[in-house]
Amino acid sequence: MRNKRRNREAFAEPSYWQSFSDMMAALLLIFILIIAITLAIYKQKTTTLEETEKELNVAQEQLELAAIDLENSRLEIEKSNEELALSLADLKAAYDQAALTNEELNQAYLEIENAQAELAATKSELQDIVGIRTDIIGALQDTFNDSSMKVDAQTGSITFSSDVLFRYNSATLTPASQESLREIIPLYLDVLLQDQYREYIAEIIIEGHTDTDGSYISNMELSYNRASAVAKFCLDESNGLSEAEIERLQHLLTVNGRSYSDPIYSAPTPDAHTEEIDMAASRRVEIKFRLKEDEMIEKIAAILQQE
């Protein structure tokens, strides 16, 4: 029994190779475990890295998109700034134009006010001489009431027949006509040159007329020379006007030759189909006057045209 135990105990002694083998197996297992853990960690890190890289790529793409959006925003801001600058320029131009228009409008208002004031003054002046023509014509008619000379009721003119004043085709006054003129001319001019009417007289006109016999040019010369002869007679102190009246007359007197441009026609008869020129009546010298009211009417018409 004891031998058997000894034999078992002998066989039961520990084996170093078996322990080393176990140890190596354990180390190998640990190494494998470490490798497996390392591989697992590596795989996890790789996956995490890939995911991070994807996220980074996405972030980069988003950043690039944001950069594009930012650039577009910058361009839009620049465009908006340019449009704003243009709008400001247009606004300034509109303001300047409005200021200019306002200035022009004020100037127009001022011109209208001046024109209205001038028109009012002219109307007032015209009202002062309304009826003067009637008064002058009435005074002339009263003066020549007992005379063979007739005063035109519309114009206040008096007419001398050229056949009475001159010989045929002549511009020299006959002695008989000078006596007639010496009687009539002072009466007519005394009325026009008196103080109450003189300031309203714009012009005293001596106008010569002829018939249609001959050329227009030759009749123009004849009519003017005849009117001029009557004017020279009026300005001669020996023919009835005072020196003061002659001086006033010189500032008003005008001489015109009308040739046959304003003939006188015969009164129509039942048998006449057309009007005939009265040759004898057409040969004449007229003395007439023009009032300042005629100038006032022209002046008012000009002002109204401006308005």
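First things first, this report covers the structure right here in the doc.

How each quantity is defined
Residues numbered from 1 in each chain as written. Predicted model: local features only at pLDDT ≥ 70, side-chain atom pairs only at ≥ 80, totals over all residues. Heavy atoms only, no water. Core = buried A, V, L, I, M, F, W, Y, C linked by side-chain atoms within 4.5 Å. Buried < 20%, exposed > 50% of the residue type's maximum accessible area, 1.4 Å probe, protein only. Helix = DSSP H or I, 4+ residues; strand = E, 2+ residues; numbered from the N terminus. Contact = heavy atoms within 4.5 Å. Polar contact = N/O pair within 3.5 Å; in protein donor to acceptor, adjacent residues only side chain to side chain. Patch = residues over 30% accessible without salt bridge, like charges linked within 9 Å, V, L, I, M, F, W, Y side chains within 5 Å. Areas by Shrake-Rupley, 256 points an atom, 1.4 Å probe, with all protein chains shown as cover. Salt bridge = Lys/Arg side-chain N within 4 Å of Asp/Glu carboxyl O. Pairing = 2+ DSSP bridges.

Inside soluble globular proteins, nonpolar side chains tend to come together where they are buried. Among the nonpolar cores identified, the biggest contains 41 residues, and L189 and I204 are the most heavily contacted of them. Of all elements in the fold, only α3 (132-143), β1 (158-161), α5 (175-193), β2 (201-209), α7 (216-234), α8 (243-250) and β4 (284-291) reach the threshold of two or more residues within this core. With eight residues, α5 is the single largest residue contributor to this core. In this structure L189 touches I204, C234, L241 and L249, once residues within four positions along its chain are discounted.

Once that is clear, we can look at the side chain of E203. Mapped onto the elements of the fold, E203 is located in strand β2. A distance of 2.5 Å separates the side chain of E203 from the side chain of T254, its partner in a polar contact. Setting aside its immediate chain neighbours within four residues, E203 contacts L252, T254, K288, F289 and R290.

Together, F20, M23, M24, L27, I30 and I34 make up an exposed nonpolar region whose accessible area comes to about 550 Å². Structurally, M24 can be placed in helix α2 (residues 16-129). Classification of M24 as partly exposed rests on a relative accessible area of 39%.

What follows is about the pairing of β4. Of all eight residues making up β4, six are buried, and the element is well covered by its neighbours. Of the pairings in the sheet, the one linking β1 to β4 comprises four bridges and is antiparallel in character. Of the residues in β4, the one forming a bridge with T159 is E286. Examined bridge by bridge, β2 and β4 share eight bridges and lie antiparallel to one another. The residue bridging E203 from the neighbouring strand is R290, located in β4.

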